[in-house]
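Per-entry structural report
One-letter residues, chain by chain:
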Amino acid sequence: MSATAEERPAGAGGLLGARLWRSGAGRPPLLATAICLLMVVAALGGGAIAPYVPDEADFTAILVPPAWAEGGSLAHLLGTDQLGRDMLSRLIAGARISLLTAGAAVLAGGTIGVTLGLAAGYLGGVVEAVIMRIVDAFLALPFILMALAFVAALGTGVGNIILVMVLTNWARYARLVRSEVVSIKKRDFVLLARVAGLRPRQIALRHILPNALTSILVLAVLDVGRAIILESSLSFLGVGIQPPDVSWGLALAEGRTYMTVAWWLTVWPGLAIVLAVMSFNALGDWMKAGFDPRGRL
Amino acid sequence: MERADSSGITTSTRPDAPAVLGRRAALLSGAAMALAAGAAPARAQSKPSLTVAVGTDLNTQDPCRVAGGNDYYFFANVFEGLYGPDEEGKPAPLLAESHTVSPDGLTYEFTLRPNARFHNGEPVTAEDVRFSWQRAVAPETRNPRASVLVANIADVEVLDERRCRVRLKKRDASFLDNCGEYWYIISKKHVEAAGENPFDRQPIGTGPFAFVERRTRSYIKLRGFDQHWGRVPAFGEVTLKIVPDDQSRVAQVQTGESDIVVNVPPVLAAPLQRLPNVQVIRAPSFQNVYIAINALNGHPGLRRADVRRALNMAVDKAALLRATMLGFAQPLELPCHTNIFGCDVQVTPYGYNPDRARQILREAGFDFNRPLRLLGQGTGRVPQARETLQGVAAFLNRIGVKTEINMLDYGAWISAYGAREKDPSVDMVFANFTDYNGDPSGRLLRQVRTGGTYSWYSNPEIDAMLDRMNDFASVEERQQFVRGLIARLHEEAPLIPLWTLDSIYGVSKRLSWKPTPNVSWPVLWNVRRAS
Amino acid sequence: MARFILTRLGQTLVTLALLTILIFVLARLTGDPTPLVLPSEATEADRAFFREQYGLDRPIHEQYVVFLRNVLHGDFGISFRYREPAFNLVLMAIGPTLQLAGVSMLVAVMLGLPLGIAAALRPGSWLAAAVRAYASFGQAVPTFWSGLMLIFLFAITLPLLPSSGYGEVENFVLPAVTLGFYASASVTMLTWANMTEALRSDFVQMERVLGIPRRLIVLKHALRNASLPIVTYLGLQFGLLLGGAVVTERVFAWPGVGQMLVDAILNRDYPVVQAAVMLTAVLVMTINLAVDLLYAVLDPRVSRS
C-alpha cells in the first residue's frame, strides 16, 4: 500500500520540515509512545537494569509463579522459567535483541531498498530493469527459505538473523520507492529542476526523496512490528535466536511447551510482542495521518 | 451379541434393541454393513479400529533401506526377523521357532515356524530367508545398514522347506539380538514379481500388521493380520496419523481423535495424567543422552582423564534430570544402561561434588580463561535437548568454567558431530544415541573407538578391548570381559553420561497396553481393550 | 495493450531465470545432505555412491547447468529423502496449501470487508476505534500462538472441531481462522482507507447532495471504486499466504508445501527445496501477473505508464 505525498518542492523546510507535517494530525498517541519509549529504554539499558543475569539457571527455583500468584515470591516478580531464569530479566534482555533485530533489519533493509529503488526509479532504463527483476525474484522467494539457508550456512548468531531479515526485507522498500519515484518524476517541479540544470543525484536526494519519504517512514514503522513477528516465527521453528541470547520470540517459543503448567512463560513475552507491535503500528498510523491526513486515515 | 447370517458375514444385534425393530430391520442393517465392508476381509471388520498419532513421516517403506530409528514405528509392526524382541524386550524366536549354534559361533541353523505367513497368505520358507539376505547385501539395493549384520553373513544355505543354515564370516555375539531389526524376512515371490521398487506400493512382511494404504505426510493405514503365527492384534484397522507438532499431537488424545499418542514431551505428561480419559504410560528405552568430550584436539585440559572425571562431578545429574526431564528418564552412571549386556558392573560413582571438581581442575592446571565451547541440538528430535545443555553449562559455570553455547539445527549438528576431522573449536557436544538392542557393541562404542564416526576420543588400550569384544564363544567369558571394558571406560570418562530416556505414551483409558521396553518406538500388537 | 502484456511476460521470464540461480545457491547453502540421508553405519562406498548418484561430486557450475536443463523439462530430480520425483511430491503438497490459502482469504475478506466499511462510514466513533484496535491486534499475534489458543478453546475445552489434520471440511475451520484472522487485519485497514477515499470523492459528494440514499451510494459507487486496490492487494496477500503459512501448517499438521519446505531444508533435501520454491514462486508470479493484467484492463491509465 502506498500513501502518496502531496507534491511539493522540499525547500526551506528541509527533509522533515514542518511544512510537510499537517496540523490536523493532533498529538501523538500517548499510550503507544509511552510503551515504545519504555521498550527502547529497556533495550538500551539491557543488563544494567535487569535484576538478574537473564541466562543464569537456578535449579532451586524452577517454574516459580509470578509474585502475586500462589507459590510466587517477590524475589522473582514475573516468575521464573523451566531452568529457573528470572522472567523479568529475560523480558528486558529480550527487548534488546527483539528490537535490535527488528530495528536493524528495518533500517538496513530500508536503506538498501530505498537506495536501489531510488536508483531504479530515477535512472530508468537498463538499471531499472535489472534492479526490478532482482527485486521481483527476491519478493517471490519465501522468507523461510532464505532464513533457513543462511542460518544453516552461517550459524545462528544475532548478526546472522539480522542479515537474514535484511535480505528478506529490502525488496519491498525498493519496489515502493521506485513506484513513488516514477510518479513524482513526472511532476512539474522535477522537470523544472532538470531544466534548471541540477544534477541527477541532487534532484534525487533533495527533491524526490523527501516526497517519497513519507511512505518510506510509514512502511518502516509498520515494518518493525512485522519483523518482530518474523523473528518469533523463526524461533518457533527452532532456527531463530539461540541461547544464551534471548529474544521475546525465543522465550515465547520455548515457553509454549509449558503453557498448560506455567502460563507466565508465554504470557509475558506474548504480551510484550503484542504491545510492541500495536504501539509501533499506532505510531505509524499517526505518522501517516500527520503526513497526509486527506488521503488515508 | 453376534450372529452369522447366511452369507457368512457376522453382524451384531444389540440385546436391548426393542423387539419392534424385528428381523427385517436387523437383516437390512446387516446388508448395509456388508455393503459398507466392501473389499475388506469380513473378519477384520468386526474388530475395532485404533488410531495412533506419531511425530514423523516415513522415509522409506523398504525393509532393506531403513536408515534411521524414526521409521521403526512402521517396520517394527509390519516386518519381522528370525529372532526379535519379546514383550520384555529380550530376544525371542519370532519367525524361527528354534535355532542351534555351532561351538565356534560361526554357524547357526534355524527352523522356521510351520504357520509363519506373509501378508499375502504365502508361507514363509527357507528360500525366503536366503533371498532376504541376498537382497539385503545386493549392491543395487544400497542397504545403508548392511554393515551391522547382513554384510557379515557369508552364506545362507537352504536345507529344506523350513530349515536353513546361516554361516557368518566373523563371530558376532550380537547376531541374534540384531536379527530383529537389521534383517527383515521378505517374500521372494512378491519381490521378484513386483519389479522395481517392490515395497513402494505394497510392503509385504510377516508382522502383526499389514500395510493397507498411505498418504504421504498425512497417515499410514494398517490392518491387523489375523493369520499371524502368534501375535494377532485386537484391532482391525489401524491408522498412524502424522502430527509433527508436539502439542497438537498430544491434543489428539485429549480430544479423543487418537487413542494413542507417541513421544509425549515430559512437560506435557503430568497435565495429561490428570485428565479423566487419558493415562500416561512410560517405558524405558535405550535412547541415551550424554555430553561427548573432545579429548582429541579441543581444550587441552580435556585430554586428561581426571579432568573429565571432574567435569562429571561438577554436574548434578539428579537435579538436572528432575528439572528438565521431570523424572521421565533413568539416570546413567556408565556409558550404557545397566540392562545392557555387561553394563551391570559395579563402579564407584563419580558423585556430585562441585568443590572437589574445582579442586581437581586447579590441581590439573586447567586453563580457566579459555571457555569451553559446547555444541547443542537446537531442533527437536530429543526432548529437552536445549534445556539439558543449558543446564550442564550452568553447572560448569558454577565451578568457574566458562562456557559458550552454539545451538545448531539437527542437520548441522550431525554434520559437526560426525565429521571425519573433528572440529578443534568444539569442546563438548550434546549427543543422543540409541543402543542396538541389549548389546553394547552397537553404536555407543562406535563413539569411543579411535576413528569411530562419532568418536571424539582415542585410546589404543580401549581400542584393543573394543576390537575383541564380539569375538567370544562363551557368554560368561564375554560378559566378564565386557564388564571390565565398561569399568575401564568409566575411569577414562570420555563422556558425561546423563540419562536414558523413557518413551512416554499418552493412551486412552479404554485401552490397556504394556509397551515393549528398551525400544524407542511403539510396538502395537499387544494393545488391548481395557476390560 | 498487447505491448504491455508482452513486456510484463518478458519481465516475468527474466525474473524466473534469476530465481533459478538464487534457489540453486540457497539450497546448497543449507549444507551437506549426506549425514542426514545415510546413517553412521553406511560405508564410505555408500556415501561416494550417493554423491555420485545425485551429481553432488561435480563442480558447482556443472551442477547448475544440469539443474537448469532438467528444470526446463519439468524434472526437479529425485528427493534424497523419499526417493520419489521431487516435482510430484511438491504437486501433492501444493493442493492443501492452495486450499488453505483460499479459505483463509475468504475468512479475511468476510471479516475485513464489513469491518473496514463500517469504520469508514463512522469515522471517529467508538466503532472505528474498536476496528483499529482489532486490526492492530490481529497483526501483532503470532500464528503459532493464536493457532494453539484456538485448538485449546475449540478442540480441547469445547470439543467442537478437530485439533489438527487434513481431510474433512471441519479440518479447515481452525487453520483458516488462524491465518484469516491475521490477514484480515490488513484487509480491514485497506478497505477502510480506500472506502474513505472513495466516499470523499467529488462524484459521491454530489450524489449525497442530490439526496440519494446513503446505502445506495455505498453499495454502488464507493464499493466499486474501492474494490480495485483491494483486488490488487488480495493478489499480493495470496502470495504471502502461500509462502508464509509455514507456521500454521506445522501447528495443524497440514500437509502443505510450507511445511514440506521447512522439512526439506532441515533435511538438506535439495531437489524438494528447489522444486517447492520454484513452483511456489511461479504460482505467486502468475497471480501477480494476472492481477496486474486485470488492473491494466480495468484502469487504462496504468498500461500507458
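Heads up: the structure comes first, above all this text.
Residues numbered from 1 in each chain as written. Chains lettered and ligands numbered in written order. Predicted model: local features only at pLDDT ≥ 70, side-chain atom pairs only at ≥ 80, totals over all residues.

1. Comments concerning the overall build of chain C
Definition in use: Where helices and strands are cited, they refer to DSSP runs of H or I of at least four residues and of E of at least two residues respectively, numbered from the N terminus. Neighbour density around each residue's C-beta defines its exposure: 20 or more other C-beta atoms within 10 Å make it buried, 12 or fewer make it exposed, and counts between make it partly exposed, where C-beta atoms are placed from the backbone. Whether two residues are in contact is decided by their C-beta atoms, placed from the backbone, lying within 7 Å.
Helices and strands together make up the secondary structure of chain C, namely 14 helices and zero strands. Ordered by position from the N terminus, the helices and strands of chain C form the series α-α-α-α-α-α-α-α-α-α-α-α-α-α. A buried classification covers 48% of the 305 residues belonging to chain C. In chain C, the proportion of contacts linking residues at least 24 apart, taken out of those at least 6 apart, comes to 72%.

2. Digging into the overall build of chain A
Looking only at helices and strands, one finds nine helices and zero strands in chain A. Its helices and strands taken in sequence order, chain A reads α-α-α-α-α-α-α-α-α from the N to the C terminus. By the burial criterion, 56% of the 297 residues in chain A qualify as buried. For chain A, contacts bridging at least 24 residues in sequence account for 71% of all contacts bridging at least 6.

3. Some words on the pairing of strand E16 (residues 372-377) of chain B
Residues and elements named next belong to chain B. Filter applied, for reference: Here, any two strands with at least 2 DSSP bridges between them count as paired.
With six of six residues buried, E16 is to be regarded as a mostly interior element. Here E16 shows a buried face lined by Leu372, Leu374 and Gly376 and a second buried face lined by Arg373, Leu375 and Gln377. For E16 and strand E18 (residues 428-434), the ladder comprises two bridges, and the chain directions are parallel. Its bridge partner being in E18, leucine 374 is matched across the sheet by methionine 428.

4. Some points on the interface of chain C and chain B
Contacts between the two partners involve 35 residues from chain C and, on the opposite side, 35 residues from chain B. Elements with a contribution of two residues or more to the side of chain C that touches chain B: helix H2 (34-37), helix H3 (44-53), helix H7 (143-157) and helix H11 (246-251) of chain C. Looking at which element gives the most residues to the side of chain C that touches chain B, the answer is H7(C), with four residues.

5. Considering the pairing of E18(B)
Residue and element names in this part refer to chain B. In terms of burial, E18 is a largely internal element, six of the seven residues being buried. Pairing geometry for strand E14 (residues 278-293) and E18, over seven bridges, is antiparallel. Across the sheet, residue tyrosine 290 finds its bridge partner in E18, namely alanine 431.

6. Quick word on the environment of A:Val135
Note that A:Val135 resides in helix H3 (residues 125-140). Each residue touching A:Val135, except ones within four places of it in the same chain, is listed here: A:Ala171, A:Ala174 and A:Arg175.

7. A short note on the sheet that holds strand E6 (residues 96-101) of chain B
All names here are of chain B. Keep this limit in mind: For helices, the axis comes from a line fit to the C-alpha atoms of the stretch in contact; other axes are also lines fit to C-alpha atoms, and the angle between any two N-to-C directions lies between 0 and 180 degrees.
Sheet architecture is open: four strands sit in the order E6-E7-E9-E8, paired in antiparallel fashion. For this open sheet the edge positions go to E6 and strand E8 (153-160), each flanked by a neighbour on one side alone. Between one strand axis and the next, the sheet turns by 20° as a mean value, whatever way the strands run. Where strand E7 (residues 107-112) lies against strand E9 (residues 163-168), five bridges are found, and the strand directions are antiparallel. Looking at the pairing, threonine 111 lines up with arginine 163 of E9. Sitting on the sheet, helix H4 (residues 126-137) touches E7, E8 and E9, and the angle it makes with E8 is about 165°.

8. A few points about the interface of chain A and chain C
Just so we agree on the cut-off: Polar here means any residue other than Ala, Val, Leu, Ile, Met, Phe, Trp, Tyr, Cys and Pro, which are nonpolar, and Asp, Glu, Lys and Arg, which are charged; Gly is therefore polar.
Of the residues lining the interface, 34 residues belong to chain A; the matching set on chain C comes to 36 residues. Take the side of chain A that touches chain C: its biggest share by element is eight residues, from helix H4 (residues 143-154) of chain A. Across the side of chain A that touches chain C, the residue classes tally to 24 nonpolar, six polar and four charged.

9. Section: H7(C)
Residue and element names in this part refer to chain C. This is how it is decided: A helix's residues, less one, multiplied by 1.5 Å, set its expected span. The angle between axes fitted to the seven residues ending at a residue and the seven residues starting there is what we call the bend at that residue.
When the terminal C-alpha atoms of H7 are compared, their 20 Å separation across 15 residues agrees well with the 21 Å that a helix rising 1.5 Å per residue should span. When the local axis directions of H7 are compared, the greatest deviation, roughly 25°, occurs at isoleucine 151. Within H7, the full set of buried residues consists of Thr143, Phe144, Trp145, Ser146, Gly147, Leu148, Leu150, Ile151 and Ala155.

10. A short note on the nonpolar core
Operational definition: Among buried residues, those of type Ala, Val, Leu, Ile, Met, Phe, Trp, Tyr and Cys that are joined through C-beta atoms within 7 Å form a set called a nonpolar core.
B:Ile291 and C:Leu261 are the most contacted members of the largest nonpolar core, which totals 327 residues. Once you skip the residues sitting within four places of it in the chain, C:Leu261 turns out to touch A:Pro142, A:Ile144, A:Leu145, C:Val246, C:Val273, C:Ala276 and C:Val277.

11. Structural notes on helix H2 (residues 87-123) of chain A
All names here are of chain A. The end-to-end C-alpha separation of H2 is 52 Å, in line with the 54 Å expected for 37 residues at 1.5 Å each. Counted residue by residue, H2 has 27 buried out of 37 residues, so it is predominantly covered. In the stretch just after H2, glycine 124 is the one whose phi turns positive, near 65°.

12. Description of unusual backbone geometry
Residue and element names in this part refer to chain B. Despite not being glycine, arginine 217 has its phi angle at roughly 70°, a positive value. Position of arginine 217 among the secondary structure elements: in the loop between strand E10 (209-215) and strand E11 (219-224). A positive phi angle is found at leucine 326, which is not glycine, with a value near 55°. Its place among the elements puts leucine 326 in the loop between helix H11 (317-325) and strand E15 (329-331).

13. Some thoughts on the packing of helix H5 (residues 86-121) of chain C against helix H6 (residues 126-140) of chain C
Residue and element names in this part refer to chain C. Test applied: Orientation is classified from the angle alone, with under 35 degrees giving roughly parallel, over 145 giving roughly antiparallel, 65 to 115 giving roughly perpendicular, and any other angle giving oblique. By definition, turning the near helix anticlockwise from the far helix through less than a right angle yields a left-handed crossing, and turning it clockwise yields a right-handed one.
Look at H5 against H6: their axes get within 8 Å of each other, and the N-to-C directions meet at 140°. Relative to H6, the element H5 lies oblique. Note that H5 runs across H6; the crossing there is left-handed. For the pair H5 and H6, the contacting residues are Leu115, Ala118 and Ala119 in the first and Leu127, Ala128, Val131 and Tyr134 in the second.

14. Focus on the environment of C:Ala281
By the element assignment, C:Ala281 lies in helix H13 (residues 270-298). For C:Ala281, a count of 26 C-beta atoms within 10 Å translates into the label buried. Note: C-alpha distance between C:Ala281 and C:Arg28 (253 residues apart in sequence) is 18 Å. Not counting chain neighbours up to four residues away, the residues in contact with C:Ala281 comprise A:Ala140, A:Leu141 and C:Leu19.

15. Thoughts on the packing of H2(A) against H3(A)
All names here are of chain A. The contact between H2 and H3 brings their axes to 7 Å, and the two run at 140°. On the basis of the axis angle, H2 is oblique to H3. In terms of crossing hand, the pair formed by H2 and H3 is left-handed. Seen from H2, the contacting residues are Leu116, Ala119, Ala120, Gly121 and Leu123; seen from H3, they are Gly125, Val127, Glu128, Ile131 and Met132. Per-class residue counts for the contact of H2 with H3 are seven nonpolar, two polar and one charged.

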